[in-house]
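Read off the chains here:
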Amino acid sequence: MDANATTPLLPEVLDTMRPWLLENFGNASSIHQHGQQARAAVEHARESVAMLLNCRESEIVFTSGGTESDNLAVFGLVKPGDHVITSSIEHHAVLHAAERLQERGVDVTFLPVSRDGRVDPEDVRRELRSNTRLISVMMANNETGVIQPIQEIGRIAQEADIWFHTDAVQAAGKIEIDVKAIGCDLLSISGHKMHAPQGTGVLYVRRGTRIEPLFFGGAHERQRRPGTENVAGIVGLGKAAELSAEALRDGTMDRVASLRARLEHDIVARVEDCSVNGGEAPRVPNTTNLQFDNLEGEALVIALDLKGLAVSGGSACMSGATEPSHVLTAMGLVSTRARASLRFSLTKLNTEYEVNAALELVPAAVSRLRELAPVNAGTLG
Ligand SMILES: Cc1ncc(COP(=O)(O)O)c(C=O)c1O
């Protein structure tokens, strides 16, 4: 139940990739038939991704993943002297890129979020300056699943004639994405969060948005991302995009939503002092972030792992020390509560049986840990 970290390759995705790893190994830039076959496969995948996002094929740039897509969006448009607006709950691929921009003479505003983890579009409007060049606010948060009001932010960006990027890595395949309805100029997705291979991704670049590439070399991807295409990975991403679109249409994601609802409701009902972080906000259907008071979250992650349940904690290891999650602390949680929070994230492959198992394991593990090593919320920083 850690799908927001990564998802398994679907067998259908692997099947479409296999020939491009074995017999059809052409370079998509070669003019002979092997190259042309690879080119056709890449272009077919581009069509599938364009369909998922409701954009033109020429607006799709294949990258090595969400991190590269975010970096390309942020560094591709901004120069020293510009101003950038982003939020304090972005993934580090945006946050750390924005911090690097600050070192290069760019002013960056990191917007706060409400208690339920949402950016207020009016805060975006208030922070606009004459030199604001880019707004970057994510579509769905990776830790809480909270969906941000990006359509409203897109409207503000359009009215002010400012570029708007959204990191949709945790939204793709979980909710509908329509770049026209959002009104964004740039949008990132990552293959491995939607059952395609790790190390694949896309940046949607709206026609007319002139981005400076991060790399230099060939003229691949219309001069926006040089480097021999990862044909098999791209083919896998295309297939995953087709399957994701299907899962959004045929009720599969509704089933995931009901699994999540039962998991969340029953854990909160069975465990004392347990609540949902961001539970009042609109969320993607697969994620729940639960706060278990009087407990060290990392110990719970390990206890559950020993029983075969993989989830993520509300802290990250940075320079050797565990830091409470920047997302949860931005939502106003004190560090003990952020540390005592766990993220459960599902895929369409999770079953009723697994949810039932989690509903047995989690309450038992929580009460054992609370007995063994009670954490007093008042004493830990
Ligand atoms: C919101 C968000 N953006 C970006 C990324 C980075 O994507 P990738 O792992 O493909 O580099 C992640 C991965 O966790 C993410 O959750």
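For the structure given in this document, a descriptive report is provided here. (Residues numbered from 1 in each chain as written. Predicted model: local features only at pLDDT ≥ 70, side-chain atom pairs only at ≥ 80, totals over all residues. Heavy atoms only, no water.)

1. Some details on the pattern of salt bridges
Our working rule: The term salt bridge refers to a side-chain nitrogen of Lys or Arg lying within 4 Å of a carboxyl oxygen of Asp or Glu. What counts as a helix is a DSSP run of H or I of at least four residues, what counts as a strand is a run of E of at least two, and both are numbered from the N terminus. Burial classes: relative accessible area under 20% of the type maximum marks a residue as buried, over 50% as exposed, and values in between as partly exposed (1.4 Å probe, protein chains only).
This model, assessed by the stated rule, comprises 23 salt bridges. The partner of E229 in a salt bridge is R39, and the shortest N-O contact between them spans 3.0 Å. Of the two residues, E229 is situated in the loop between α8 (220–223) and α9 (231–249) and R39 in helix α2 (residues 33–53); the sequence distance between them amounts to 190 residues. Classification of R39 by relative accessible area gives partly exposed; the value is 21%. Ionic contacts of the salt-bridge type, sharing partners, join the residues R39, E43, R46, E221 and E229 into one network.

2. As for the packing of helix α1 (residues 11–21) against α9
So the rule is basically this: Helix axes use the C-alpha atoms of the stretch in contact, all axes being lines fitted to C-alpha atoms, and the angles between their N-to-C directions lie in the range 0 to 180 degrees. We call two directions roughly parallel when the angle between them is under 35 degrees, roughly antiparallel when it is over 145, roughly perpendicular when it lies between 65 and 115, and oblique otherwise. Left-handed is the label given to a crossing in which the near helix is rotated counterclockwise from the far helix by less than a right angle, and right-handed is the label when the rotation is clockwise. The contact criterion used throughout is that any non-hydrogen atoms of two residues lie within 4.5 Å.
Closest axis-to-axis distance for the α1/α9 pair is 8 Å, and the angle between their directions is 155°. Overall, the two elements α1 and α9 adopt an arrangement that is roughly antiparallel. Crossing geometry of α1 relative to α9 is assigned as right-handed. For the pair α1 and α9, contact is made by E12, V13, T16, M17, W20 and L21 and by V231, A232, G233, V235, G236, K239, A240 and L243, respectively.

3. What about the nonpolar core?
Note the following rule: Here, the term nonpolar core denotes a set of buried Ala, Val, Leu, Ile, Met, Phe, Trp, Tyr and Cys residues that are joined through side-chain atoms within 4.5 Å.
Counting 63 residues, the largest nonpolar core has V49, L53, F62, I135, F164, I177 and L187 as its most contacted members. In terms of residue count, α9 provides more of this core than any other element does, nine residues in total. Once you skip the residues sitting within four places of it in the chain, F164 turns out to touch L134, I135, V137, I150, I153, G154, A157, I182, G183, C184, D185 and L186. Among the nonpolar cores identified, the runner-up in size contains 29 residues, and F292, L300, L309 and L359 belong to it.

4. With respect to the site of the ligand
Heads up, the condition is: Whether a residue is near a molecule or strand is decided by its heavy atoms; if any one of them lies within 4 Å of it, the residue is near. Any pair of nitrogen or oxygen atoms within 3.5 Å is treated as a polar contact; in protein, a donor-acceptor pairing is required on top of that, and neighbouring residues in sequence qualify only through side-chain atoms on both sides. Accessibility throughout is a Shrake-Rupley quantity obtained with a 1.4 Å probe, and a residue counts as covered only by protein chains that appear here. Three classes are used: nonpolar for Ala, Val, Leu, Ile, Met, Phe, Trp, Tyr, Cys and Pro, charged for Asp, Glu, Lys and Arg, and polar for all others, with Gly counted as polar.
The full set close to the ligand counts 13 residues, and G66, T67, D167, S190 and K193 are the nearest of them. With respect to the ligand, the side chain of D167 contributes an N or O atom lying 2.6 Å from a nitrogen atom. Within the side chain of K193, one N or O atom sits 2.6 Å away from an oxygen atom of the ligand. Computed on the free molecule, the ligand has an accessible area of 390 Å², of which 86% lies beneath the protein chains in the complex. Counting residues per element, the shell around the ligand draws most heavily on helix α3 (residues 66–77), at three residues. Residues of the shell around the ligand, tallied by class, amount to two nonpolar, eight polar and three charged.

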